[in-house]
Amino acid sequence: MSESTALEYLRVTDLHAFYGESHILHGIDFTVYRGELVTLLGRNGAGRTTTLKSILGLVGRRNGSIMVNGREVIQWPTHRIARLGVGYCPEERGIFSSLTTEENLTLPPRLTSEGMSLDEIYSMFPNLKERRRSQGTRLSGGEQQMLAMARILHTGARLLLLDEISEGLAPVIVQKLSEVILRLKDRGFTIVLVEQNFRFASTLADRMYVVERGRIAAEVRKDEINEKQQLLEELLGI
Amino acid sequence: MSEVFGIPLPALLGQLMLGLVNGCFYAMLSLGLAIIFGMLNIINFAHGALYMMGAVFTWIALAQFGIGYWWSLLLVPLVIALFGVMVERTMLRRLYKLDNLYGLLLTFGIALVTEGLFRHRYGVSGLPYSIPEAFSGTFNLGFMFLPKYRAWVIAASLLTCFTTWFVVERTQLGAYLRAATENPQLVQTFGINVPAMITITYAVGVGLAGLAGVLAAPATQISPLMGTNLIIVVFAVVVIGGMGSILGSIVTGLGLGLIEGLTKVFYSQASNSVVFLIMALVLLVRPAGLFGRER
Ligand SMILES: Nc1ncnc2c1ncn2[C@@H]1O[C@H](COP(=O)(O)OP(=O)(O)OP(=O)(O)O)[C@@H](O)[C@H]1O
Ligand SMILES: [Mg+2]
């Protein structure tokens, strides 16, 4: 995609975020174009989760600028930002134990008319269909991860913020998630993927940003991965 | 005449019926406490005062504005709910980020202030309110006489409890509520206005207390102290049923009312303390309450 003509779907400028007195993000800048998949890499505690949370207004205090689909949302409450078509899959997955699998899946209201139908979702994640009557938190880790993703696909969100979806999962499941992500890309979703797993991320990403101590330390395009290998290794310690 | 353990059957049934009526009030009040606790994570100590306000407003509506029982049944809970909206918006909302002890202290303060004000204005001697025309008299059930107003209280509160249970456990709105009880932030990322939902939950919870107050007006002495007397038992009911459980609060409320009624018949000296005895026993065996989940 040529960036000059592409539409900006998310632009974060000089983003600062705080939890109480602790200043966590120190001026994050990055841009995601429509239909693009961007990953945020970084070491533990670099501030990647905090960046996703700040986009949705889930941190104590934030300032700077966050443009979603051309609108400045830095002052907006979380639910209004979500209604622009932003779907969030939290690091801890957030499956509700008081709801069944299917209730978890259909809990979020539809934000746009473009949401996937239950049939489409069940064909993408057959396990969820089998277990649709089980209590959500009785599912395996991998199934819960799929449920957390399926849940935001059902709403019709077009910008997906996915936090460490491969974390702690067996290689076959990670493989399965890669396939799902590629299908979502085909369908035109715009995706921000926070990852620790460099191999998983690098096969999927159009661009990668490395976050370090609350700042963007590097930007690497897909075609630059080889030439910037050494920089990446240094920053990520891989 | 038939007897059970030497007690005439009509007397026994009469006490049971009275127990059930009390149980209805316990159920409605503990139900409100349960939904408020579930969503706001605070124990609403103002609940008894709001119940009292419901009854006193019913009296004021008639004595000063000529508004009768039926309109009060509709309007007074709404007024109490609006009062709840005001309290939540202006005060409680500021405390969510702090320890929930602050919410408890605030609502306790609200209870003391409102009860003090009403006592100053209306004294403690009790305000009269007569049973509405349609419900004066009794039904003759053949084996006992059932005062019509008691039958109405039972029917109205069972319907209220069932409706509340149905909304929370069986509708999409209830699913938001249950999910938000677990993780409000995440529910908000789905586009749901959780702060508004919290306000509405508080309003509905205290509205239920107001409704109980209206139902109580013709059945008991209306006095600024009526809330304090009742709420102590209701807190015991909540502890027995388990904090925050909807079904638990309804079943426990009704059940304890009946047990109290029975105790009055068989060993009336214990009728005021039986609930607390049960509370102690339940706490020994199941600290989370009969319907509560252990954390
Ligand atoms: N609720 C919180 N209160 C205070 N500090 C926090 C909170 N959440 C995170 N932090 C701090 O903010 C910093 C960034 O955390 P963040 O969760 O964004 O890291 P991350 O890049 O997602 O790393 P990882 O998920 O691998 O741990 C860390 O130093 C962390 O200790
Ligand atoms: Mg993280």
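Residues numbered from 1 in each chain as written. Chains lettered and ligands numbered in written order. Predicted model: local features only at pLDDT ≥ 70, side-chain atom pairs only at ≥ 80, totals over all residues. Heavy atoms only, no water.

1. With respect to the site of ligand 1
All names here are of chain A.
Thought 1: In the vicinity of ligand 1 lie 13 residues, with Asn44, Gly45, Arg48, Thr49 and Thr50 positioned nearest.
Thought 2: Ala46 places a main-chain nitrogen or oxygen 3.2 Å from an oxygen atom of ligand 1.
Thought 3: About the coverage of ligand 1: the protein hides 60% of its 630 Å² of free accessible area.
Thought 4: If you tally residues by element for the shell around ligand 1, the top one is helix 1 (residues 48-55), at three residues.
Thought 5: Considered class by class, the residues forming the shell around ligand 1 number three nonpolar, six polar and four charged. (Near = heavy atom within 4 Å. Polar contact = N/O pair within 3.5 Å; in protein donor to acceptor, adjacent residues only side chain to side chain. Areas by Shrake-Rupley, 256 points an atom, 1.4 Å probe, with all protein chains shown as cover. Helix = DSSP H or I, 4+ residues; strand = E, 2+ residues; numbered from the N terminus. Nonpolar A, V, L, I, M, F, W, Y, C, P; charged D, E, K, R; others polar.)

2. Describing the pattern of salt bridges
Residue and element names in this part refer to chain A.
Thought 1: One pass over the structure, following the stated rule, counts 13 salt bridges over all chains.
Thought 2: The salt bridge partner of Glu36 is Arg207, with a shortest N-O separation of 2.7 Å. Highlighted residues: Glu36 in the loop between strand 2 (22-33) and strand 3 (37-42) and Arg207 in strand 9 (residues 207-212), separated in sequence by 171 residues. Exposure class is identical for Glu36 and Arg207. Each is buried.
Thought 3: Between Arg187 and Glu120 there is a salt bridge whose closest N-O contact spans 2.8 Å. Here Arg187 is found in the loop between helix 7 (171-186) and strand 8 (190-194), whereas its partner Glu120 is found in helix 4 (residues 118-124), with 67 residues between them in sequence. (Salt bridge = Lys/Arg side-chain N within 4 Å of Asp/Glu carboxyl O. Buried < 20%, exposed > 50% of the residue type's maximum accessible area, 1.4 Å probe, protein only.)

3. Points about the confidence of the model for chain B
Thought 1: The share of residues in chain B with pLDDT of 70 or more is 99%, and the mean pLDDT across the chain is 93.
Thought 2: The ipTM value of the predicted complex is 0.93, and its pTM value is 0.90. (pLDDT = per-residue confidence, 0-100.)

4. A few points about the packing of helix 1 (residues 9-40) of chain B against helix 10 (residues 246-266) of chain B
Residue and element names in this part refer to chain B.
Thought 1: The interhelical angle for the contact between helix 1 and helix 10, taken along N-to-C directions, is 150°, at an axis separation of 6 Å. In terms of axis orientation, helix 1 runs roughly antiparallel to helix 10. Crossing of helix 1 over helix 10 shows right-handed handedness. (Axes fitted to C-alpha atoms, helices over the stretch in contact; angles between N-to-C directions. Parallel < 35°, antiparallel > 145°, perpendicular 65-115°, else oblique. Left-handed = near helix turned anticlockwise from the far one by under 90°.)

5. Here we look at the coordination of the magnesium ion (ligand 2)
Where a metal carries four tetrahedral donors, each ideal angle is 109.5 degrees; where it carries six octahedral donors, the ideal angles are 90 or 180 degrees.
Thought 1: Those protein atoms acting as donors to the magnesium ion (ligand 2) are Thr49 of chain A (OG1) and Glu91 of chain A (OE), and they sit at 1.9 to 2.6 Å. Note that Thr49 of chain A is positioned in helix 1 and Glu91 of chain A in the loop between strand 6 (86-89) and helix 3 (101-106), a separation of 42 residues in sequence. (Donors = N, O, S within 2.8 Å, 3.2 Å for Na, K, Ca; no water.)

6. Section: the sheet that holds strand 4 (residues 61-68) of chain A
All names here are of chain A.
Thought 1: Spatially, the four strands line up as an open sheet ordered 2-1-4-5, and their pairing is antiparallel. Lying at the two open borders of the sheet, with one neighbouring strand each, are strand 2 and strand 5 (71-72).
Thought 2: For strand 1 (residues 8-19) and strand 2, the ladder comprises nine bridges, and the chain directions are antiparallel. If you follow Val12 over to strand 2, its bridge partner there is Phe30.
Thought 3: This element, helix 1, spans strand 1, strand 2 and strand 4 of the sheet and lies at about 110° to strand 1. (Pairing = 2+ DSSP bridges. Contact = heavy atoms within 4.5 Å.)

7. Points about the state of the cysteines
Residue and element names in this part refer to chain B.
Thought 1: Summed over the entire model, instances satisfying the criterion amount to zero disulfides over all chains.
Thought 2: In this structure Cys161 is a free cysteine whose sulfur lies 7.0 Å from that of Cys24, the closest cysteine sulfur available.
Thought 3: A relative accessible area of 3% means that Cys161 is categorised as buried. (Disulfide = S-S within 2.5 Å.)

8. Describing the interface of chain A and chain B
Thought 1: Counting residues at the interface gives 23 residues for chain A, matched by 17 residues for chain B.
Thought 2: Note on chain A versus chain B: buried area summed over both sides is about 1800 Å², and carbon and sulfur give 59% of it.
Thought 3: When the area that chain A buries against chain B is broken down by residue, the three leading residues are His79, Phe96 and Leu107 of chain A, summing to 32%.
Thought 4: Linking chain A with chain B are zero salt bridges, by the criterion used here.
Thought 5: Inspection of the chain A/chain B interface yields seven residue pairs in polar contact (both at pLDDT 80 or more). (Buried area = accessible area lost by both parts, 1.4 Å probe.)

9. Remarks on the nonpolar core
If you look at soluble globular proteins, the nonpolar side chains tend to sit buried side by side.
Thought 1: In terms of nonpolar packing, the biggest core is built from 121 residues, with Leu10, Phe30 and Leu161 of chain A together with Phe25, Tyr51 and Ile222 of chain B touching the most fellow members.
Thought 2: A per-element tally of this core places helix 1 of chain B first, with 15 residues.
Thought 3: With near-sequence residues (within four places) excluded, Leu161 of chain A lies in contact with Leu52, Ile55, Leu56, Val86, Gly87, Tyr88, Cys89 and Val192 of chain A.
Thought 4: Counting 45 residues, the second-largest nonpolar core is a separate cluster that includes Met124, Met149, Ile191 and Phe198 of chain A. (Core = buried A, V, L, I, M, F, W, Y, C linked by side-chain atoms within 4.5 Å.)

10. So, the pairing of strand 8 of chain A
As a general feature of sheets, a regular strand has side chains that alternate between the two faces.
Residues and elements named next belong to chain A.
Thought 1: Across the five residues of strand 8, five count as buried, placing the element largely inside the fold.
Thought 2: Pairing between strand 3 and strand 8: four bridges, direction parallel. By the bridge assignment for strand 8, Leu40 is matched with Val194.
Thought 3: Alignment of strand 7 (residues 159-163) against strand 8, held across five bridges, turns out to be parallel. Within the sheet, the bridge partner assigned to Leu160 lies in strand 8 and is Ile191.
Thought 4: After leaving strand 7, the chain enters helix 7 and then returns to the sheet as strand 8, a path that is right-handed. (Right-handed = clockwise from strand over helix to strand, strands pointing away.)

11. Let's talk about the sheet that holds strand 7 of chain A
Residue and element names in this part refer to chain A.
Thought 1: Strands sit in the order 6-7-8-3-9-10 across an open sheet of six strands; the sheet is mixed. Each having just a single partner strand, strand 6 and strand 10 (215-221) make up the two edges of the open sheet. Neighbour-to-neighbour, the strand axes of this sheet turn through a mean angle of 15°, independent of strand direction.
Thought 2: Here strand 6 pairs with strand 7 via four bridges, running parallel. Paired with Gly87 across the strands is Leu160, a residue of strand 7.

12. Some words on the side chain of Thr50 of chain A
Thought 1: Mapped onto the secondary structure, Thr50 of chain A falls in helix 1.
Thought 2: Once residues within four sequence positions are removed from consideration, Thr50 of chain A is found in contact with Ala17, Tyr19, Ile24, Leu25 and Val59 of chain A.

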